[in-house]
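# A closer look at the structure
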There are 4 protein chains.
Amino acid sequence: METGRLEAFSDGVLAIIITIMVLELKVPHGRTDTDALSELWPVFLSYVLSFVYIGIYWNNHHHLLQATPRVTGMIMWANLHLLFWLSIVPFATGWMGVNHFAPVPTAVYGVVLLLAAVAYWLLQRAIIAEHGGKSLVAAAAGRDLKGKLSPLLYLAAIPLSFVSVWAAGGIYVVVALMWLVPDRRIERVLTKPDDA
Amino acid sequence: METGRLEAFSDGVLAIIITIMVLELKVPHGRTDTDALSELWPVFLSYVLSFVYIGIYWNNHHHLLQATPRVTGMIMWANLHLLFWLSIVPFATGWMGVNHFAPVPTAVYGVVLLLAAVAYWLLQRAIIAEHGGKSLVAAAAGRDLKGKLSPLLYLAAIPLSFVSVWAAGGIYVVVALMWLVPDRRIERVLTKPDDA
Amino acid sequence: METGRLEAFSDGVLAIIITIMVLELKVPHGRTDTDALSELWPVFLSYVLSFVYIGIYWNNHHHLLQATPRVTGMIMWANLHLLFWLSIVPFATGWMGVNHFAPVPTAVYGVVLLLAAVAYWLLQRAIIAEHGGKSLVAAAAGRDLKGKLSPLLYLAAIPLSFVSVWAAGGIYVVVALMWLVPDRRIERVLTKPDDA
Amino acid sequence: METGRLEAFSDGVLAIIITIMVLELKVPHGRTDTDALSELWPVFLSYVLSFVYIGIYWNNHHHLLQATPRVTGMIMWANLHLLFWLSIVPFATGWMGVNHFAPVPTAVYGVVLLLAAVAYWLLQRAIIAEHGGKSLVAAAAGRDLKGKLSPLLYLAAIPLSFVSVWAAGGIYVVVALMWLVPDRRIERVLTKPDDA
């Protein structure tokens, strides 16, 4: 199978995930004051955070697949496995948002992010297994400090949710910002310069 | 019509089906304990199962259409017929999930899977009718033991739902696993080796 | 603008419309008997009908745009106007279905089909205005008996809904079947043979 | 990254946004009189308005990206930022519609339109920053009187909502019409002729 088809399908699923999340931002029926909006603040915040995360995954996913010449059955299922955990993000986002960042939902949000990160790593391994340790993907994965740091930060945030949801939420924001900051600048600090 | 357009539309519909299913995993409002999650377990399980099934259909559908040079009106409608039954999967999944695998919903789930399998078979026949018994599709369909076994297993699972939902559910899982296992390995056992 | 982009966007919208309709087939919570299914019968029937209609529009739309070399601003807005009325189809379908084909919803369903047909005709005119009366589209539109008959049948069905919803519903089914029947066969009867 | 991928993803998100909005047009359960329809009038009106706005953005977005040869990380995030505010349009539309154009929701609708316009302007700046002040995009942006007028009109409509929602709503309609009117005609009046 060509990479193009896998990308188009993944793009479709990611476009739907990113848009479906906004449905949890329920229209307040019969209320037209600004208070109705302020009560939606946590849902809005969690939507912003997850929108950024899905955007980051979309971006990284494309860089990854662009460096992948051939798609095998194993790669296809590793990709669907990643899409599966990302499809749970709207649920985790909504649960955290409507319950104003309560401990359990905040921890579960971290678990879903962690599982998505593991799925991404498995997808990378499946591609490297097919295309060899000297492939573009293998080289990029080796230097990928952000990819190695993120799961550790999620792992820290999950138990932290029960101590302070603000600390846990802060970690989720920091990881997102770490990816959001233009690659060139952060990469100059963290890794050897590259063209990724 | 070219195959590309049919594929793009089918990809779109399948991407939406796979993502819409997660909407039945309703965000628990006003509950933030782990019990709220455990109660969602059957819904989650049925979501996983159907996610895998839609993934399998997406995969098989593409292999089928890649071997199809031309699309006729008959093929187009056979394809829409398949998409129709797959679009009912989220309903059947949700019904089975929210009712904790009760007999009737579990049987109905099997009926929908069976009808989707029949629709897939009809699509194959429509392609063979157009492109001839010596086409790639005809050759692949002849060897397609998994495609012949699946409907029989669904047929067995439907009445079995009223005896033991676990047995019926087990059959759905086994069929999914049969397709999930990398083709090369299972095909070496079941059929003559091929390049599909 | 190239036709490809307009087609891809329209495909996306049509794929979502066709899939969103199924959401009105609400999962019966807390009911697991076959009665729960039978009560959904009218919703299911109306879904089947609209699924076929959207399928027909998707098919015709593509034939139309394939014969369109260039897209102008006017064509683009005529296309969005068509997508607008088709996006109302899920609402009309749901209203007719959940109320068991009551007169007003059944008439409104016809109104929406009529407006979509008018929008399709306007899109055709916009394309002919740009590409000339001797273009492929103009030639096909001239012979398009089904396209001329359908709005008249909707017009008849709308008032008929208040006399007999079965007669009105019957007309909707007949129009759908008229388009469903393989083109070649019906065209041999209705029009001069063509390659459309 | 190539422009094509960004366009395809944006098309997907815009197609979903435009279709998701119709979900706020809730099917009246258990009511089949024409009154049930008339009560939906404000929701329908607001849907029409937002459908046109998303259509305008889709159109302008494509003209913009067609003139963009290369996509950088900055352009990608500026694009996601635009999609973010557009994804809030269904919420703002629904809130304004179900509450019959009450002052606060009508003002919030203007705020979301304003933020989307700002995001569009930022996307333009990101493209110009990459491709230079002499690029096609820079030339088009310089002449873009409509793009400069729209945010000012939204800015006027927001406080006006608290004086007269009809005046504010009128401004939203006027801005939409300003973009809807075929470019060539209005551009002859407003700007020097161009090929955009």
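Quick caveat, the model's predicted, so the values are computed rather than measured. (Residues numbered from 1 in each chain as written. Chains lettered and ligands numbered in written order. Predicted model: local features only at pLDDT ≥ 70, side-chain atom pairs only at ≥ 80, totals over all residues.)

## Here we look at the overall build of chain A
The secondary structure content of chain A amounts to nine helices and zero strands. Helices and strands appear in chain A in the N-to-C order α-α-α-α-α-α-α-α-α. Taking 196 residues into account, the globule formula puts the C-alpha radius of gyration at 16 Å, and chain A, at 18 Å, falls close to it. Its C-alpha atoms give chain A principal-axis dimensions of roughly 60 × 35 × 25 Å. Counting all 196 residues of chain A, 48% fall into the buried class. (Helix = DSSP H or I, 4+ residues; strand = E, 2+ residues; numbered from the N terminus. Rg over C-alpha atoms; globule rule 2.2 N^0.38 Å. Buried ≥ 20, exposed ≤ 12 C-beta atoms within 10 Å, placed from the backbone.)

## Some details on the interface of chain B and chain A
The interface of chain B with chain A comprises 23 residues on the first partner and 28 residues on the second. Only α1 (3–20), α2 (34–38) and α3 (41–66) of chain B provide two or more residues apiece to the side of chain B that touches chain A. Top element by residues in the side of chain B that touches chain A is α1 of chain B. It accounts for six residues. Residue composition of the side of chain B that touches chain A, grouped by class: twelve nonpolar, eight polar and three charged. (Contact = placed C-beta atoms within 7 Å. Nonpolar A, V, L, I, M, F, W, Y, C, P; charged D, E, K, R; others polar.)

## A look at the environment of tyrosine 53 of chain A
Residue and element names in this part refer to chain A. Note on placement: tyrosine 53 falls in helix α3 (residues 41–66). Accessibility expressed as a C-beta count within 10 Å gives 23 for tyrosine 53, which makes it buried. Linking tyrosine 53 and arginine 143, residues 90 residues apart in sequence, is a C-alpha distance of 21 Å. Ignoring anything within four residues of it in the chain, the contact list for tyrosine 53 reads Val89, Leu113 and Ala176.

## Notes on the relation of the copies chain D and chain C
Superposition record for chain D on chain C: RMSD 0.0 Å, screw rotation 90°, translation along axis 0.0 Å. The transformation just described matches what one would write down for a four-fold rotation axis. It is glycine 12 of chain D whose C-alpha, among those of chain D, lies nearest the rotation axis, at 4.5 Å. Of the interface residues in chain D, just 9% have counterparts in chain C that sit at the interface too, so the contact is made through distinct surfaces. (Least-squares fit on C-alpha atoms with pLDDT ≥ 70 in both.)

## A short note on helix α4 (residues 73–98) of chain A
Residue and element names in this part refer to chain A. With 26 residues, α4 should reach 38 Å at 1.5 Å per residue; the first-to-last C-alpha distance of 39 Å fits that figure. Of all the bends in α4, the greatest reaches close to 25° and is centred on valine 89; the proline proline 90 follows between one and four positions later. Most of α4 sits inside the fold, with 23 of its 26 residues counted as buried. At the exit of α4 stands histidine 100, carrying a positive phi of roughly 50°. (Expected span 1.5 Å × (residues − 1). Bend = angle between axes of the 7 residues up to and from the residue.)

## Thoughts on the interface of chain D and chain C
Counting residues at the interface gives 23 residues for chain D, matched by 28 residues for chain C. Of all the secondary structure elements, the ones that give two or more residues to the side of chain D that touches chain C are α1 (3–20), α2 (34–38) and α3 (41–66) of chain D. If one sorts the elements of the side of chain D that touches chain C by residue count, α1 of chain D sits on top with six residues. Split by residue class, the side of chain D that touches chain C holds twelve nonpolar, eight polar and three charged.

## Digging into the relation of the copies chain B and chain A
Of the transformation placing chain B onto chain A, the axial shift is 0.0 Å and the rotation is 90°, giving an RMSD of 0.0 Å. When the interface residues of chain B are mapped onto chain A, a mere 9% of them again fall at the interface, so the copies present different faces.

## Some remarks on the confidence of the model for chain A
Detailed reading of predicted coordinates is not advised where the pLDDT is low. All names here are of chain A. Taken as a whole, chain A shows an average pLDDT of 88; of its residues, 92% reach a score of 70 or greater. For chain A, helix α9 (residues 183–190) is the element with the lowest average pLDDT, namely 48, and α4 is the one with the highest, namely 95. Across residues 185–196, confidence stays below pLDDT 50; counting only partners more than four residues off in sequence or on other chains, it has twelve contacts. (pLDDT = per-residue confidence, 0-100.)

## Re the packing of α1 of chain B against helix α1 (residues 3–20) of chain C
Taken N-terminus to C-terminus, the directions of α1 of chain B and α1 of chain C make an angle of 45°; their axes are 9 Å apart at the nearest point. Taken together, the axis directions place α1 of chain B and α1 of chain C in an arrangement best described as oblique. Taken as a pair, α1 of chain B and α1 of chain C cross one another with a handedness that is right-handed. The segment α1 of chain B lies against α1 of chain C, with Ala8, Phe9, Gly12, Val13, Ile16, Ile17 and Ile20 of chain B engaging Asp11, Gly12, Ala15, Ile16, Ile18 and Thr19 of chain C. Across the contact of α1 of chain B with α1 of chain C, the residue classes tally to nine nonpolar, three polar and one charged. (Axes fitted to C-alpha atoms, helices over the stretch in contact; angles between N-to-C directions. Parallel < 35°, antiparallel > 145°, perpendicular 65-115°, else oblique. Left-handed = near helix turned anticlockwise from the far one by under 90°.)

## Points about the environment of isoleucine 128 of chain D
Residue and element names in this part refer to chain D. Here isoleucine 128 lies in helix α5 (residues 103–131). Considered as a pair, isoleucine 128 and threonine 72 are 56 residues apart in the sequence and their alpha carbons are 11 Å apart. If near-sequence neighbours (up to four positions away) are discounted, isoleucine 128 is found in contact with Gly133, Ser135, Val137, Ala138 and Ala141.

## Let's talk about the environment of leucine 25 of chain C
With respect to the helices and strands, the residue leucine 25 of chain C is situated in the loop between α1 and α2 (34–38). When the 22 C-beta atoms within 10 Å are taken as the criterion, leucine 25 of chain C is described as buried. Distance in space between the C-alpha atoms of leucine 25 of chain C and leucine 40 of chain C is 7.1 Å, their sequence separation being 15 residues. In contact with leucine 25 of chain C, not counting residues within four places along its chain, are Phe91 of chain B together with Leu40, Val43, Phe44 and Tyr47 of chain C.

## Remarks on unusual backbone geometry
Phi at phenylalanine 101 of chain B takes a positive value of approximately 55°, unusual for a residue other than glycine. Looking at the element boundaries, phenylalanine 101 of chain B is found in the loop between α4 (73–98) and α5 (103–131). Given 18 C-beta atoms within a 10 Å radius, phenylalanine 101 of chain B is considered partly exposed. A positive phi angle is found at histidine 100 of chain C, which is not glycine, with a value near 50°. Exposure remark for histidine 100 of chain C: the 16 C-beta atoms within 10 Å place this residue in the partly exposed category.

## Section: the packing of helix α5 (residues 103–131) of chain C against helix α7 (residues 145–160) of chain C
All names here are of chain C. Relative to each other, α5 and α7 sit at 160°, their axes nearing to 9 Å. As the angle between them shows, α5 and α7 are arranged roughly antiparallel. Helix-helix and strand crossings are classified by hand; for α5 and α7 the assignment is left-handed. Across from Ala107, Gly110, Val111, Leu113, Leu114, Ala117 and Val118 in α5, the residues of α7 making contact are Ser150, Pro151, Tyr154, Leu155, Ala157 and Ile158. The class makeup of the residues in the contact of α5 with α7 is eleven nonpolar, two polar and no charged.

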